[in-house]
Amino acid sequence: MAVTDKTVNGVDVEQLEGAVEAITADPEKGQFTFRAETEWTDALQSVTTIDEFDQAGETVATREFTIEGDEPEQILGERTAPNAVELLLAALGSCLSVGYAANAAAMGVELRGLRFEMEGDVDLRGFLGISEDVRAGYDDVACTVYLDADASAEDVDALRERVEATSPLMDNIANEVSLETHLVVE
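Now for a quick tour of the structure. (Residues numbered from 1 in each chain as written. Predicted model: local features only at pLDDT ≥ 70, side-chain atom pairs only at ≥ 80, totals over all residues. Heavy atoms only, no water.)

## Description of the overall build of the protein
Keep this limit in mind: Elements are defined by DSSP. Helices are runs of H or I of four residues or more, strands are runs of E of two residues or more, and each kind is numbered from the N terminus. Classification of residues uses two cut-offs on accessible area relative to the type maximum, computed with a 1.4 Å probe and protein chains only: under 20% is buried, over 50% is exposed, and between them is partly exposed. Whether two residues touch is decided by their heavy atoms; if any such pair falls within 4.5 Å, the residues are in contact. Using the Shrake-Rupley algorithm and a 1.4 Å probe, accessible areas are obtained, with residue cover drawn only from the displayed protein chains.
Check the secondary structure of the protein and you find five helices and seven strands. Across the 186 residues that make up the protein, the buried fraction comes to 21%. Long-range pairs, those at least 24 residues apart, make up 46% of the contacts in the protein with a sequence separation of at least 6. Working note: accessible area of the protein is about 13,200 Å², and carbon and sulfur atoms make up 50% of it.

Written as structure tokens, this is what we have:
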């Protein structure tokens, strides 16, 4: 069901539908390159700067974000900021929050509450190179969605299916992503 001329869950449904139509008509409008630059600062700490660019390399918005990273004390960090695997969980929660809010709005479903609990198991023997039989990253990730919405069980199921099918972070975590690395010695 499409809803027009109103805001649902803080999402302007008419603008959302306009964006979908514009990208459907001209797919290049929906293609972006996201860039991050991380610089080591000290010990196990770093700062990442993020900018957003379109496919032509032009800045999309004059916005810049910085994210600090550190490690827990157990692996010689100072716990001044989340580590990378914690940030992955936060990114997943953020992505799912956007997906639920936007898709619920498009369906005319009003959210009263929405939160996510994510957790993942890591065995440091992989990260520390102690065992080649142990993954360096998560063995698994679990996500529980707590949803309070004005919707039927069928609409909630449809919302969940839509969000999970279109979540970029769920896709990146669940499917192999091509990764190419380069080393430049200065």
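## Considerations on the state of the cysteines
The condition is simple: Only a pair of cysteine sulfur atoms within 2.5 Å qualifies as a disulfide here.
Across all of its chains, the model carries zero disulfides by this definition. Its sulfur unpaired, cysteine 95 is 10 Å from the next cysteine sulfur, which belongs to cysteine 143. For cysteine 143, a relative accessible area of 33% puts it in the partly exposed group.

## A short note on a negative patch on the surface
Condition: Nonpolar side chains (Val, Leu, Ile, Met, Phe, Trp, Tyr) within 5 Å and like charges within 9 Å form the patches, drawn only from residues with over 30% relative accessible area and no salt bridge. In the sections that follow, a salt bridge refers to a side-chain nitrogen of Lys or Arg positioned within 4 Å of a carboxyl oxygen of Asp or Glu. All tallies of charge rest on Lys and Arg as positive and Asp and Glu as negative; His and the ends of each chain are not included. Charge coordinates come from a single atom per side chain, which is NZ of Lys, CZ of Arg, CG of Asp or CD of Glu.
Taken together, the side chains of Glu119, Asp121, Asp139 and Asp140 define an acidic patch exposed on the protein surface. Listed by contribution, the elements that provide at least two residues to the negative patch are β6 (110-122) and β7 (138-150). Mapped onto the secondary structure, aspartate 140 falls in strand β7. With relative accessibility at 42%, the residue aspartate 140 sits in the partly exposed group.

## Some words on the nonpolar core
Which entries qualify depends on this criterion: To form a nonpolar core, buried Ala, Val, Leu, Ile, Met, Phe, Trp, Tyr and Cys residues must be joined to one another through side-chain atoms within 4.5 Å.
Grouped together as the largest cluster of nonpolar side chains are 12 residues: Leu92, Cys95, Leu96, Tyr100, Ala104, Met107, Val109, Phe116, Ala149, Leu159, Val163 and Leu169. Where this core is concerned, the elements lending two or more residues are α2 (84-107) and α4 (153-166). Looking at which element gives the most residues to this core, the answer is α2, with six residues.

## Focus on the pattern of salt bridges
Applying the stated criterion across every chain yields a total of five salt bridges. Among the salt bridges present, the one from arginine 115 reaches glutamate 117, with a minimum N-O distance of 2.7 Å. You can call arginine 115 partly exposed: its relative accessible area is 43%. The class of glutamate 117 is partly exposed, set by a relative accessible area of 39%.

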